[in-house]
Amino acid sequence: TYSCIFEFVTLLLADEFHHTSLSGLETRDELSRIGTLQCLRHLINSSDTHLQNKKELIVTGMKPLLEETNMQVKSTLSTVIVAMAQHDYLSLEGGESLVKFIVNQSAIPEVVINAAGKEKRRKGHDDLVTPLELRTMCDNILLMSSRTIPCMDLVLWPFLLQFIVPPEYTEALPVLCQSLTALGEKFKESGSDSFHIDFDTEVNIPSPHAIFARLLVIIGLPLPRRCGQEALRMLQSLSTNFHEGVEELWEAGIPKLIDHLQLKTTNSDNWNNECQAKWEDLMLKFLSRTLQSINNEAWVIKLGEALNEQYAFYVNQPKNKSLVSKFLGVSLCVSSKHDFIEKMLVSIFESVDHTSQMEREACAQAFGFCAASHLDTVIEQLKRLTKRDMVRKSTGFLGMMKDKTEADVARIKATIMLTWGHVTLRAPPNLINSRIEVHVMASILPHFTKIKETLVKENLIRCVDLIGKALHPSHLKGESVSLHRRGELIGFMEQYMQAEPSNTITTEIRALCMDACASLIELEPTLSEGDLHHLLEVSVTSVFHIVLPTSEDITTKALIAQARKSLSGLFAVVIRKDPTMACLQNVFKHLLPYIISNEAHQREHMMSMSVEVLQVLYECIDQRACAETTNAPVMSLSGFGKLLACFIPRCTDPIFQVRMFALNSIHTLLHLRRVSLGDMNEDDPVINAMDKLKERSNTSEAAIIFSVTNDLSKVLVKKLSPPELLELVTPLFDGLQDIFVDSADGTCVVINGLLKHGGPEFGKEIDRIIDILREKAEIVPQDRTKQGILRAIRTISSHHKDAATKKLMTVELPYEQIVIDIWHALAADSALTAHILKELLNILDSSLPYQGQNNKFTATLPPLKATCALHAIFSVEETASLVKENSTQILSQLLLRLASCVRLCRDGEVDPLADAIATFKVFLERSGNTFIIKALDEAEQWDFFKDEAYNNEAFTTIVAAICTNTPDIVPLLVERFHSVLKRKFDTQRVLAVAVFAEIINQQCAGDLTLMVRLRNGLLAQIMDESHSLGNVASLPDEHIRKHSTAVLSAVMTGMDDRNDPNDDITLEAMRTLNKIFEKVEEDTIRNILINISLRIRPCFEKDKPAVRAAAIELFGNLSQFGDGPSKVPFLEQIHSNLVSFILHLQEQDTTVCRAVSKAFLKLGPLLESLKLTELFERYFAAEGKTLHYTEFLQELCKILIKDFRDKISFYTMNTTDFFKAQRKDIRCNAATFMGILLYNIPVKDRRDITKEHVCGELVRLLHDPDSDVRQQAAESISLLHDY
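My aim in this report is to walk through the structure given alongside it, one point at a time. Along each chain, numbering runs from 1 in the same order as the chain's sequence is written. With the structure being a predicted model, the display of local features is reserved for residues of pLDDT at least 70 and the display and counting of side-chain atom pairs for 80 or more, all residues being used for whole-chain, interface and lining totals. As a convention, hydrogens and water are excluded, and side-chain values are obtained from all of the structure's heavy atoms.

1. Quick notes on unusual backbone geometry
Thought 1: Following Trp157, the chain continues to Pro158 via a peptide bond in cis, the omega torsion being -5°.
Thought 2: Even without glycine at this site, Asn316 takes up a positive phi of about 65°.
Thought 3: Helix and strand labels come from DSSP, where a helix needs a run of H or I of at least four residues and a strand needs a run of E of at least two; each type is numbered from the N terminus. By the secondary structure assignment, Asn316 is in the loop between helix H16 (297–309) and helix H17 (318–334).
Thought 4: On the basis of relative accessibility, which here comes to 70%, the residue Asn316 falls in the exposed class.
Thought 5: A positive phi is found at Lys450, a non-glycine position, where the angle reads about 55°.
Thought 6: Turning to its location among the elements, Lys450 is positioned in the loop between helix H22 (429–444) and helix H23 (454–470). Only protein chains enter the accessibility calculation, which uses a 1.4 Å probe. A residue is then buried if its area is under 20% of the maximum for its type, exposed if over 50%, and partly exposed in between.

2. Description of the packing of helix H58 (residues 1127–1144) against helix H61 (residues 1189–1203)
Thought 1: For every element, the axis is a line fit to its C-alpha atoms; helices are fit only across the contacting stretch, and the angle between N-to-C directions ranges from 0 to 180 degrees. Direction vectors running N to C along H58 and H61 enclose 160°, while the axes themselves pass 11 Å from each other. Classified by the interaxial angle, the pair formed by H58 and H61 is roughly antiparallel. Taken as a pair, H58 and H61 cross one another with a handedness that is right-handed. The residues of H61 that touch H58, namely those facing Leu1138, Ile1142 and Leu1143, are Tyr1189, Leu1193, Leu1196 and Leu1200.
Thought 2: Residues that form the contact of H58 with H61 fall into these classes: 7 nonpolar, no polar and no charged. Orientation is classified from the angle alone, with under 35 degrees giving roughly parallel, over 145 giving roughly antiparallel, 65 to 115 giving roughly perpendicular, and any other angle giving oblique. Working rule for handedness: look at the near helix, and if it is turned counterclockwise from the far one by less than a right angle, call the crossing left-handed; if clockwise, right-handed. We call two residues in contact whenever any of their non-hydrogen atoms come within 4.5 Å of each other. We call Asp, Glu, Lys and Arg charged. Ala, Val, Leu, Ile, Met, Phe, Trp, Tyr, Cys and Pro are nonpolar, and the rest, Gly among them, are polar.

3. Re the nonpolar core
Thought 1: By nonpolar core we mean a set of buried residues, namely Ala, Val, Leu, Ile, Met, Phe, Trp, Tyr and Cys, connected to one another through side-chain atoms within 4.5 Å. Counting residues in hydrophobic clusters, the biggest one holds 342 residues, and the most contacted among them are Leu160, Leu716, Trp823 and Phe920.
Thought 2: The dominant element in this core, judged by the number of residues it contributes, is helix H30 (residues 600–627), at 12 residues.
Thought 3: Once you skip the residues sitting within four places of it in the chain, Leu160 turns out to touch Val99, Val103, Leu142, Leu176, Ser179, Leu180 and Leu183.

4. Things to note about a negative patch on the surface
Thought 1: Candidate patch residues must exceed 30% relative accessible area and have no salt bridge, after which like charges are joined if within 9 Å and Val, Leu, Ile, Met, Phe, Trp or Tyr side chains if within 5 Å. All accessible-area figures derive from a Shrake-Rupley calculation using a 1.4 Å probe, and residue coverage is judged against the displayed protein chains alone. Salt-bridge detection follows one rule: a side-chain nitrogen of Lys or Arg within 4 Å of a carboxyl oxygen of Asp or Glu. In summary, the charge assignment counts Lys and Arg as positive and Asp and Glu as negative, without counting His or the chain termini. The atoms used to mark charge sites are NZ of Lys, CZ of Arg, CG of Asp and CD of Glu. Together, Glu244, Glu247, Glu248 and Glu251 make up a region of like negative charge exposed at the surface.
Thought 2: Among the structural elements, Glu244 can be located in the loop between helix H13 (239–242) and helix H14 (247–264).

5. Quick word on the pairing of strand S2 (residues 856–859)
Thought 1: A pair of strands counts as paired when DSSP detects no fewer than two bridges linking them. Where strand S1 (residues 850–853) and S2 come together, 4 bridges link them in antiparallel fashion. Bridging across to S2, Tyr850 finds its partner in Ala859.

6. Re the environment of Glu1252
Thought 1: Looking at where Glu1252 falls in the secondary structure, it is placed in helix H64 (residues 1251–1261).
Thought 2: A sequence separation of 445 residues divides Glu1252 from Lys807, and the C-alpha atoms of the two residues are 81 Å apart.

7. Digging into the side chain of Asn70
Thought 1: Relative to the elements of secondary structure, Asn70 occurs in the loop between helix H4 (55–62) and helix H5 (71–86).
Thought 2: Take Asn70: its relative accessible area is 14%, and that puts it in the buried class.
Thought 3: Polar side-chain contacts of Asn70 include one of 2.9 Å to the backbone nitrogen of Gln72.
Thought 4: Polar contact criterion, stated in full: a pair of N or O atoms within 3.5 Å, where within protein one must be able to donate a hydrogen and the other to accept it, and residues adjacent in sequence count only if both atoms are side-chain atoms. Reaching out from Asn70, the side chain makes a polar contact with the backbone nitrogen of Val73 at a distance of 3.0 Å.

8. Some remarks on the packing of aromatic side chains
Thought 1: Each aromatic pair joins two rings of Phe, Tyr and Trp (for Trp, the six-membered one) with centres within 6.5 Å, and gets the label stacked for planes under 30 degrees apart, edge-to-face for over 60, and tilted for any other angle. Using the criterion set out here, one finds 34 aromatic pairs in the structure.
Thought 2: With centroids separated by 5.5 Å and ring planes inclined at 55°, the aromatic side chains of Phe945 and Phe955 adopt a geometry described as tilted. Here the residue Phe945 occupies a position in the loop between helix H47 (930–939) and helix H48 (951–965), and Phe955 occupies one in helix H48, the gap between them amounting to 10 residues.
Thought 3: The exposure class assigned to Phe955 is buried, which follows from its relative accessible area of 2%.
Thought 4: The interplanar angle of 90° and the centroid separation of 5.6 Å between the aromatic rings of Phe1115 and Phe1141 together place this pair among those described as edge-to-face.

9. Some thoughts on the packing of H23 against helix H26 (residues 509–521)
Thought 1: Where H23 contacts H26, the axes come no closer than 7 Å and their chain directions differ by 20°. Accordingly, the angle class assigned to the pair H23 and H26 is roughly parallel. In this structure, H23 crosses over H26, and the sense of that crossing is left-handed. Across the interface between the two elements, Thr454, Lys457, Glu458, Ile461, Arg462, Val464, Asp465, Gly468 and Lys469 of H23 pack against Ile509, Leu512, Cys513, Asp515, Ala516, Ser519 and Leu520 of H26.
Thought 2: For the contact of H23 with H26, the per-class residue count stands at 7 nonpolar, 3 polar and 6 charged.

Written as C-alpha cells, this is what we have:
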C-alpha cells in the first residue's frame, strides 16, 4: 500500500516530493533521516524510470550524510547506496564519494569494533547496529558491486586502488583486494583495454611501486581478515600492471604461497612465531625473485623509496615496521646504486625504535640482506653510525639536538652489535675470512666487558651466535675460515651465564648464551674435553637451578622454556659433533645429578632432555648405519648398560610425565643399540613391546606400575648380551637408594627380574653382586626396598647356590643384622635352603672345630660361621619341614658342635659355645623336638654345656629323651656317631661314647640289635683319653662279664697313663672300676686283686682331691672281693694302706675324709678285730658326725697295739715315710699319729721300735718350713720323754 502511494505521489508531484525527501535528510532527528532514506531507497528501486532526470540531484543530496556518525543511519545509507549502484547512480559525478563512504565503513578498525561490542553488552541494546555489522554489510556491498553489478565495473576500476596505500584503509584491504581481483579477472577475460592501468594519467592512484610495497607488508602479516591470501590473489591478477616481467613468476609462485597460507591458517590459533618466521622467509624470497625478474634498477629504487615512505604508516606497529625494514633490505641487496644504498641504510637505522627488539632485529637483518651484495658499504656505514650515534653528546646542527641518555646509547649499541652479527651471517663466504677479524671482531670485542645493560648483553650474545652460524662449514660452502678468538667468546658467554641469578630468571641471557655456544662449538677445531665439560656444567647449572614461578607468571615460564630449549639444542650440537657413546656419557654426567632431584620439574626437564639427546644420537647412528653396506657394528656400546641403569628408577617415578620420558629413553636406547650393532630391523617385536609398557604405565596404581617394570626387565634380558646385563646391573644397584620409595622399589623389581631371568650369566660376579646388595640393604631406610633387595640376593643365589653359600661364609663374625636377614631371605626358598643346609652341615662335619696349642684352644671360623648361619636359617618358620626331614643329621652335627665348643672361650663379641647353644635351641624348636628342651629345662642342665666336667650329663639327658620320645631315630644316631669314635678330637669322641653309653642305659630304645655295635664301639674306645672309661660300665652285665679280662685290663692301664698330667684318665678309670666291680664276680677279680691294690696305692697321695677320694673309695670297694680265697693277700694290702688312710682321715678336703670313713667301714670287718670294727662303726656309721681326730687316734692306736702288735714296727716305719709328704696336713697328721702311737706302746714292746730312726725323723720335722708341722712334731716328741 505504502509503495503504491509513494509511486503515485512521485508521478504527480515529483519535484515537490524529491525536494521534501532531500530536505528530510538534513534534519537532526535520526529516525527522520532513517525514514527518509528508506523512502528514497524504495523510490530508487521502484521508480527508476521516473527519476532519470533526478539522479544527479539525488547523488548530490547524499553528500551531507557521508559524515554521519550514527550507525543505524550509516547502515540505512549503505542500503541506499547499494540501490543507487544497481541503477547506475554512482557513475555520475559524486558517485565516487559514495563508494568512498562504503570503503570507509569497510575500514572500521578492530579497536572500534571491540569497544562497541563491550558497550553493547554493557547497555544491552540488542537492536542497535554495531560497527562489526556495518563493516560486514559494506564488505558485502563492495564485493557485490564488483562481481554482480556490471555498471559498477568502471566506477570501481581502477578507483579502488586509491585506497590500497593510505594506512587508514588498512582494515578494508582484504575486501578491496577481493574486489580488485574480481574486476581484474573480468577485464582480462573480456580482453578489455581497461585492464591495463596508465599510472601516469591516473594521477590519483598510487604508483605500482607504492601499491606493491604496501601489499608486501600486508601480506607479511597474513592473518587479519585473510588479507594475505586476498592481497596475493590481487597481485597475481594485476601482475602485468606492476611489471611485465613478473607475470610468469607470480603465476607460478603465488598459488603455492596461497596454498601454504590456507594450510597453515585453517586454525589461526596454530599460527605461531615459527609459522610467522617461515612465512616471512617465503615472502622475502618472493620479493627477491620478483626483483630479479624485473631486473630494473630504477624500478628497484622506486620500490625502495616507496617502502621507506611506509615507515610513517606504522608508528607503534613494530611488526609492520620490521617487515618494511626487511623488504627494504632485500631491495638494497638487488640494487647497485651506491648513494641510494647508503641513504636507505641510514633511513632504516633511523626508523628503528631502539626500545623494540623486533625492530632492532629487522634493522639488523636488513643490513645483513644488503651485506650479501654490498659488504664493504654496509661495514663502512655501520662504523659511521657507531661514531655518530653511540655517543651521548649530540652532533646535531649547532648542538641544538638534545643529548642522549646512557639508556639511549645502550639501546643504540644493542642494535649495532646485533647488526654486526647479521652482517657477518649474510656476508659472502669468500669475503668473510678477510673481514671477520679486522672489522667484525675488532668492532664488537671492546663491548663485551663491563656491560651494565641487559639489552646490550643480550644482543652481543645474539651477535656471537650469528657469527658462529656464519662461520659454520655448511654456511661457508667450502671456504675455510677460523675464528681465532672463539675461546674468548665462549668465555664471555660462560661469564654471562654465571652472572645471572642462580634461582630466578628475568632475561633471555641464559638461552642466548647457550645458543651462541652451540654455534661456536660446531666450528673447527673441536673444543677440548675440559673446555666442553666446563661449558656444559655452567649451562646446566644455570638452567636447572631456576625455581619454577607461579602458574600466573607466564613471562617467567616462557623464559624457562626458552632456556631449556636452548640447553637441549646445545646438547644436540655436542652429540652431532661427536655421535658416540663416550660423548653421550659425558653429556649425561651433567644431567644425571638432577635425575634424583627432589624437585619434580628438574626431574621432568632432565628426562625430557634425555629423550631429545638420545633421539639425536639415534638419528645420527641410524643415518650412519643406513650408509653402511655391511651389517658390521657402527658404534661402540661401551657404557651402554650404565646409561640404561640411570633411567630405570624413573620408570616408577611419582610423576607420570617422568615415567613416560624414562620409558621413552629406554626405548630409544634399545633402538640405538640395535642400529649400532648393524640391525636395521625397526619392527623388532621385543623392543616395540615398550609401546605397550608405556600405555600401561599411564596409571596411578602402584601394582600396575611395578608390573610394567617387571616386564621391562624381561625385555632387557632378551635384548642385552650377558656382558651388557652385567654392565647394567652393577650401576643399577645405586637406584636402590633413590630418594623416592617407589623408584627404589621399582629398581628393585627390575633387579630381581634381571637376576631371575638372566641369573646364570652372573656367576663370575656373584661375590661382588652380593656384597653390593648387602651394602645397599644395610643403608636403605625403607623396609619394603630392603625386602626387595633380600629377594634379589635370594634370586641370584638360587642360580649359583655353591658360590652364594661360599660367599656368605666369608662374612665376618659376629653377623650383622643385615647378614642375618640375608640368611632369613635365603631360607624362604626351600630348594635353595636344602642346598645351603647340606653345605653348612658338611662344613660342620669336615672342618676342624678348633685349633689347640699349649692347652689353649681357638675356634676355627668355618664351623663357627656355619653354626651362626644355621641359627639364622632355623629361625625362619618356612624351614620347619626341611629341618624335620634332616633332623637326625642336624642333631648329630649340633651335638658335636656343642661338644667341640666346650673348651672355646669368648673372643670379643664372638662366643662359640653360646652360638652353638642358641643354634641348638632354635633347631629343637623348629624341628619339633621340644621334649629335649623340656628335659634340659627340668634337669637345669643348659649351663652344663659350658663345663667339660658336666657336659656329658647334658648329652646323656638329651639321648635319654630321644630314646624315650623318638626311638626310631636311635639307629640313625648310632650310625652317625660310630664314625665319630675314630676322630682326632677327644671332645667329639667323648660325646660319641656318652651317646653310646646312654643308649645302652636306655636298653637301645628297644632295639637290642644295636647292642653289639654299641659294645664294640665302647670297647674300641676304652683306652681313649677322652675321660669316658666309666661309660664301659653301661654295658649289660653279661657283656661285661664276658669281656671282663679285656675290660679290666684296659681300665687299669688307664690308671698308669703317662699322658694324663691332670689325672683325669686315672680318675675316670677308678670310677669305671667302681662301676664294673658291681657287675663282676670274685673269681673274675681274684687274680688281679693285688694288682689292682698296688695300682691304686699311688693315687692315695695324688694332688687332685677327687683322685685321692676315688682311689680310697675304690680300695674300700675291693673289700667285697677280700673275704674269699684272696683274703690273706688282701689283708696285707689293707695293712699297707692303713697308715695312709689314717693320715687322710683328717686332711683339708672333706670329700677325701668321707671316702676314708666309708672305706674303714667296709675294710674293718676284714681285719677281724671286733674292737676295731666297733670303733669304725662308732665314729663313721653316722653321717655328719664330727670327728675329734686326736681322740680317735688315741683309741685307734691302743687297739692296733693290742690286736696287731706284730705290725707296730711296720706302722711306725710307714708313718716316717709320710714325714716327707708334700702336703703339710699329711706331715702334721703323721707327726701326731707317730707321737700317739709311740706313746701308747708298752715299755716291753718298745724294743721292736727303731727308736733312733723314728726320733731322728721327728727331730728333723722340727726344721720343717711350716710352723704347724714344727709345733706338732714338738708335741709328739714331748710324749716320748720316757723313751
